[in-house]
Amino acid sequence: MANIIVVKDMSTALAKHDPFVWKCDCCGKERTYTQEEIDKTKKPWPDPQNHDRDYHVTCQFCSRGEMEPPSFVSFGGFLEGLTDKEP
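Quick look at the structure, then. These numbers were taken from a predicted model, which means no experiment stands behind them. (Residues numbered from 1 in each chain as written. Predicted model: local features only at pLDDT ≥ 70, side-chain atom pairs only at ≥ 80, totals over all residues. Heavy atoms only, no water.)

## Points about the pairing of strand 2 (residues 21-24)
With 3 bridges connecting them, strand 2 and strand 3 (residues 30-32) associate as antiparallel partners. When the bridges of strand 3 are listed, Trp22 appears paired with Arg31. Linkage of strand 2 to strand 3, two consecutive antiparallel strands, is achieved through a turn of 5 residues, within which Gly28 is found at a positive phi near 85°. Pairing of strand 2 with strand 6 (residues 66-68) involves 2 bridges; the strand directions are antiparallel. (Pairing = 2+ DSSP bridges. Helix = DSSP H or I, 4+ residues; strand = E, 2+ residues; numbered from the N terminus.)

Following this line, the structure appears as structure tokens:
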């Protein structure tokens with residue numbers, strides 16, 4: 001499953017979104033990468049048309065899963081108030 005960050009308050013969106021914190025799709029452990037580490041450890045997919053990215057990073061913890069970068073999701077306030085309870 002992708003590492004998805006959902007924020008309601010756009011003023012704190014960039015503060016909470018760290019593009020270098022990746023999460024394993026198998027064991028769930030997180031690791032912070034630098035861009036140099038990503039460039040050094042990434043490997044091309046054998047079938048890149050079936051994946052979001054043309055490369056993958058193998059999990060260093062379990063060696064079975066793939067590290068997934070966070071995805072930033074914003075609804076721009078569209079769903080605001082949907083789950084708020086009325087007094």
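Okay, back to it.
## Regarding the side chain of Arg53
Here Arg53 lies in the loop between strand 4 (43-44) and strand 5 (55-58). Judged by its relative accessible area of 17%, Arg53 is buried. (Buried < 20%, exposed > 50% of the residue type's maximum accessible area, 1.4 Å probe, protein only.)

## Thoughts on the side chain of Glu66
Of note, Glu66 is situated in strand 6. Despite its burial, Glu66 pairs with no opposite charge, the nearest such side chain being Arg53 at 6.6 Å. A polar side-chain atom of Glu66 sits 2.8 Å from a polar atom in the side chain of His56. In contact with Glu66, other than residues within four places in its own chain, are Lys23, Cys24, Asp25, Trp45, His56, Val57, Thr58 and Cys59. (Lys, Arg positive; Asp, Glu negative; His and termini not counted. Salt bridge = Lys/Arg side-chain N within 4 Å of Asp/Glu carboxyl O. Polar contact = N/O pair within 3.5 Å; in protein donor to acceptor, adjacent residues only side chain to side chain. Contact = heavy atoms within 4.5 Å.)

## Looking at the sheet that holds strand 3
Here we have 5 strands laid out as an open sheet, ordered 3-2-6-5-4, and antiparallel in their pairing. The strands lining the two open edges of the sheet, one partner per strand, are strand 3 and strand 4.

## Considering the environment of Cys24
With respect to the helices and strands, Cys24 occurs in strand 2. For the pair Cys24 and Glu66, spaced 42 residues apart in sequence, the C-alpha to C-alpha distance is 5.5 Å. With sequence-adjacent residues up to four places away left out, Cys24 is seen in contact with Lys29, Cys59, Cys62, Gly65, Glu66 and Met67.

These figures come from the coordinates and say nothing about function on their own.
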